[in-house]
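Structure at a glance
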Amino acid sequence: MIRPAPLTKAFFDRSVHAVAPDLIGATLMVDGIGGTIVEVEAYHHTDPAAHSYGGRTPRNAVMFGPPGYAYVYRSYGIHWCLNFVCEEEGSASAVLIRALEPTAGLKEMQRRRGIDEVQLLCSGPGRLCQALGITKAHDGMALDRSPFELRARAGEPAIAVGRRIGITKAAEEPWRYGLAGSRFLSRPFRSQGPSIR
DNA sequence: CAGTGGATGCTCT
DNA sequence: GAGCATCCACTGT
């Protein structure tokens, strides 16, 4: 059996618009718990919706560092959100991880989330961070080392494209990517949507 | 289902 | 003091 290749820093050393769709179908684990990435959003440094758009601050500092690191921030005072920092001409871009299909550590995820429904364990950026135990402590950690474990997808899945969720600036940009037809998305994509691959 | 509003904390102006 | 890259509970069909 062929084991999928680990995602190295070189994988993230590309445009965020290339990395984001390539993450669909990849495996994300934290301390052995996680699943398949089924939904992400790209935030380019020239994008008004990106946290880095207004320049470097203490919160977004990791985005201005090298690619292949986790950027974690607090959302609405309650939730954590996980991003993967990418390279774009030495600037500050990142991919927001929005949903996983849980495959490993279901019982622990259910305990952390306080629910049993597998469908709702990781279907949303806040939910998946709670399920995987991601907090501010993971901000700035390398993605190619423990506790993170990332593996490339096998095959070429059909990828749905649509507008990003929950933002007001540049809301019309089609920079949300999902595994077409997945039951684990945070929200469905419009119809079959425009699809790539 | 769709729509609404509250919880809650931190960052930046 | 405003504004969130969210989630959940609740309402009304």
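Along each chain, the written sequence defines residue order, and numbers are assigned to residues from 1. Whichever chain is written first is A, and whichever ligand is written first is 1; the rest continue in order. Where local features are concerned, this predicted model is filtered to residues with pLDDT of at least 70; where side-chain atom pairs are given and counted, the filter is 80 or more; whole-chain, interface and lining totals use all residues. To obtain the side-chain values, all non-hydrogen atoms of the structure were included, while hydrogens and water were left out.

Looking now at the overall build of chain A. Comment: elements are numbered from the N terminus, with helices defined as DSSP H or I runs of at least four residues and strands as E runs of at least two. Secondary structure assignment for chain A yields four helices and nine strands. The helix and strand sequence of chain A, counted from the amino end, reads α-α-β-β-β-β-β-α-α-β-β-β-β. Radius of gyration here uses only the C-alpha atoms, and the compact-globule reference equals 2.2 Å multiplied by the residue count raised to the power 0.38. On C-alpha atoms alone, chain A measures out to a radius of gyration of 15 Å, which is about the 16 Å that the 2.2 N^0.38 rule sets for 197 residues. Dimensions along the principal axes, computed over C-alpha positions, put chain A at roughly 40 × 40 × 40 Å. The classification of residues rests on relative accessible area computed with a 1.4 Å probe and restricted to protein chains. Under 20% of the type maximum is buried, over 50% is exposed, and intermediate values are partly exposed. Here chain A, with 197 residues, has 51% of them falling under the buried criterion. Two residues qualify as a contact provided that any one of their heavy atoms is within 4.5 Å of a heavy atom in the partner residue. Nonlocal contacts in chain A, meaning residues at least 24 apart in sequence, comprise 60% of its contacts between residues at least 6 apart. When the accessible area of chain A is evaluated, it comes to approximately 9,500 Å², of which 52% is carbon and sulfur surface. One finds the centroid of the 24 positive side-chain charges in chain A at a distance of 5 Å from the centroid of its 19 negative side-chain charges. For the area figures, the Shrake-Rupley method with a 1.4 Å probe applies, and any residue is considered shielded solely by the protein chains shown. Counting rule for charge: Lys and Arg are taken as positive, Asp and Glu as negative, and neither His nor the chain ends is counted. Working definition for charges: the position is that of NZ of Lys, CZ of Arg, CG of Asp or CD of Glu.

Its location among the elements puts phenylalanine 184 in the loop between β8 (176-179) and β9 (195-196). Exposure remark for phenylalanine 184: the relative accessible area of 6% places this residue in the buried category. Between the C-alpha atoms of phenylalanine 184 and isoleucine 37, which are 147 residues apart in sequence, the distance is 9.4 Å. Residues within four places of phenylalanine 184 in sequence aside, it is in contact with Val38, Ala99, Leu100, Glu101, Pro102, Val118, Gln119 and Ser123.

Moving on, we get to the protein's contact with DNA strand C. Proximity criterion: a residue is near a molecule or strand once any of its heavy atoms comes within 4 Å of it. Tyr73, His79, Asn83, Gly126 and Arg127 are the nearest of the 18 residues found near DNA strand C. Near-protein atoms of DNA strand C (within 4 Å) split between backbone and bases, with sugar and phosphate holding 59%. By the criterion applied in these results, polar contacts are pairs of N or O atoms within 3.5 Å in which, for protein atoms, one can donate a hydrogen and the other can accept it, and in which residues neighboring in sequence qualify only through two side-chain atoms. Serine 75 has a polar side-chain atom sitting 3.3 Å from a sugar or linking oxygen of DNA strand C. Counting only elements with at least two residues in the surface near DNA strand C, the list comes to β3 (70-75), β4 (79-86), β5 (93-104) and α4 (125-132). In terms of residues, the surface near DNA strand C owes the most to one element, α4, which gives three residues.

A separate point is the nonpolar core. We define the nonpolar core as a collection of buried residues of types Ala, Val, Leu, Ile, Met, Phe, Trp, Tyr and Cys that are connected through side-chain atoms lying within 4.5 Å of one another. Residues Phe12, Leu23, Leu28, Ile37, Leu82, Phe84 and Ile97 are the most contacted members of the largest nonpolar core, which totals 46 residues. Counting residues per element, this core draws most heavily on strand β2 (residues 33-43), which supplies five residues. In this structure, isoleucine 37 is in contact with Leu23, Ile24, Gly25, Ala26, Leu28, Phe84, Ala99, Leu100 and Leu150, ignoring residues within four places of it in sequence. Formed by 12 residues, the second largest nonpolar core is a distinct cluster that contains Tyr43, Val62, Cys81 and Val85.

Before going further, it helps to examine the packing of aromatic side chains. Think of a pair of aromatic rings as described by two things: how far the centres are apart, and how the planes are tilted against each other in angle. Two rings belonging to Phe, Tyr or Trp (six-membered ring only in the last case) form a pair when the distance between their centres is within 6.5 Å. Interplanar angles under 30 degrees mark stacking, angles over 60 mark edge-to-face geometry, and anything in between is tilted. One pass over the full model with this rule turns up three aromatic pairs. Aromatic rings pair up to connect Phe11, Phe12 and Phe84 into one cluster.

Side chains Thr27 and Met29 of strand β1 (residues 27-30) all project onto a buried face; the interleaved residues Leu28 and Val30 project onto the opposite face, where all are buried too. Following DSSP output, two strands are said to pair if at least two bridges run between them. Across four bridges, β1 lies against strand β6 (residues 148-151) in antiparallel orientation. Residue pairing across strands places threonine 27 opposite arginine 151, the latter belonging to β6.

Further remarks concern the side chain of asparagine 83. By the element assignment, asparagine 83 lies in strand β4. Filtering out sequence-adjacent residues up to four positions away, asparagine 83 remains in contact with Tyr69, Ala70, Tyr71, Tyr73, Ala94, Val95 and Leu96.

Attention shifts here to the pattern of salt bridges. We count a salt bridge whenever a side-chain nitrogen from Lys or Arg sits within 4 Å of a carboxyl oxygen from Asp or Glu. Applying the stated criterion across every chain yields a total of 12 salt bridges. We note a salt bridge from glutamate 39 to arginine 98, for which the minimum N-O separation is 2.7 Å. Of this pair, glutamate 39 sits in strand β2 while arginine 98 sits in strand β5, and the two are 59 residues apart along the sequence. Comparing glutamate 39 with arginine 98, the two get one shared label, buried. Connected via shared salt-bridge partners are Arg14, Asp22, Arg153 and Glu156.

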